[in-house]
Amino acid sequence: GKYEVLQWLMFQMAGVGPMFGQAGHFRRYAPAPVPYAIERYTNEARRLYGVVDRRLAKTRFIAGARYSIADMAIFPWTRAPERQGVDPAEFPSWRRWFDEIDARPAVRRALRVLEDRQRPSLDDTARANLFGAAQYARRP
């Protein structure tokens, strides 16, 4: 079981996090649309949702029968599939898993903590911080 969890944790770190992050970036934050990047990362996000969905068609949780750090690592990245250009209706096993995790009392408490910290859009300062301009300007 330990290695099954580690396998899926690596899947999140090497695939889900970077690819969903790029999909979100090019779809939402890029200063100008980059069609190639939008298509490439949207397609990769859809492929990864498919991997997760096929896995969850066989198991209750991502690494098997028990909730694990692999679920905890993947879940937050899947909270807004529309940001990755993904239609959640295409992935029923993912939806079942997502809804089960989303209903967990500890997850609900954690998400409430984030509610007052989320911003609907970036102002110029936040954009500069997010994309490195402020950090690079301070270097000697």
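As the structure is a computational prediction, the values presented were derived from the model and not from experiment. (Residues numbered from 1 in each chain as written. Predicted model: local features only at pLDDT ≥ 70, side-chain atom pairs only at ≥ 80, totals over all residues. Heavy atoms only, no water.)

Caption draft 1: Inspection of the packing of helix 2 (residues 35–56) against helix 4 (residues 92–102) at higher detail. For the pair helix 2 and helix 4, interaxial distance at closest approach is 7 Å and the crossing angle is 75°. Comparing their axes, helix 4 and helix 2 come out roughly perpendicular. Residues Tyr49, Val52, Asp53 and Leu56 of helix 2 form the contact with helix 4, whose own contacting residues are Pro92, Ser93, Trp94, Arg96 and Trp97. A per-class count over the contact of helix 2 with helix 4 returns six nonpolar, one polar and two charged. (Axes fitted to C-alpha atoms, helices over the stretch in contact; angles between N-to-C directions. Helix = DSSP H or I, 4+ residues; strand = E, 2+ residues; numbered from the N terminus. Parallel < 35°, antiparallel > 145°, perpendicular 65-115°, else oblique. Contact = heavy atoms within 4.5 Å. Nonpolar A, V, L, I, M, F, W, Y, C, P; charged D, E, K, R; others polar.)

Caption draft 2: Summary view of the environment of Arg96. Within the element layout of this structure, Arg96 appears in helix 4. Put simply, Arg96 and Val51 are 45 residues apart on the chain and 15 Å apart in space, counted from C-alpha to C-alpha. Apart from the residues lying within four places of it in its own chain, the contact partners of Arg96 are Leu56, Thr59 and Arg60. Among the polar contacts made by the side chain of Arg96, one reaches the main-chain carbonyl oxygen of Thr59 at a distance of 3.1 Å. Polar side-chain contacts of Arg96 include one of 2.9 Å to the backbone oxygen of Arg60. (Polar contact = N/O pair within 3.5 Å; in protein donor to acceptor, adjacent residues only side chain to side chain.)

Caption draft 3: Structural context of the nonpolar core. Judged by nonpolar contacts, the single largest core of 29 residues is most densely connected at Trp8, Phe11, Ile62, Trp94 and Trp97. Residue assignment for this core shows that the elements contributing at least two residues are helix 1 (2–29), helix 2, helix 3 (69–74), helix 4 and helix 5 (105–115). When residues in this core are grouped by element, the largest group, eight residues, is from helix 2. Filtering out sequence-adjacent residues up to four positions away, Trp8 remains in contact with Val51, Arg55, Ile62, Ala63, Ala70 and Ile74. (Core = buried A, V, L, I, M, F, W, Y, C linked by side-chain atoms within 4.5 Å. Buried < 20%, exposed > 50% of the residue type's maximum accessible area, 1.4 Å probe, protein only.)

Caption draft 4: The pattern of salt bridges, seen in detail. Scanning the entire structure with this criterion turns up six salt bridges. Ionic pairing is found between Arg55 and Glu4, a salt bridge with its closest N-O pair at 2.9 Å. Here Arg55 is found in helix 2, whereas its partner Glu4 is found in helix 1, with 51 residues between them in sequence. Judged by its relative accessible area of 28%, Glu4 falls in the partly exposed class. Note that Arg47 and Glu44 form a salt bridge whose closest N and O atoms lie 2.7 Å from each other. Of this pair, Arg47 and Glu44 are both found in helix 2, three residues apart, which corresponds to roughly one turn of the helix. On the basis of relative accessible area, Arg47 is assigned to the partly exposed category, the value being 44%. Within the structure, one salt-bridge network assembled from shared partners comprises Arg60, Arg96 and Glu100. (Salt bridge = Lys/Arg side-chain N within 4 Å of Asp/Glu carboxyl O.)

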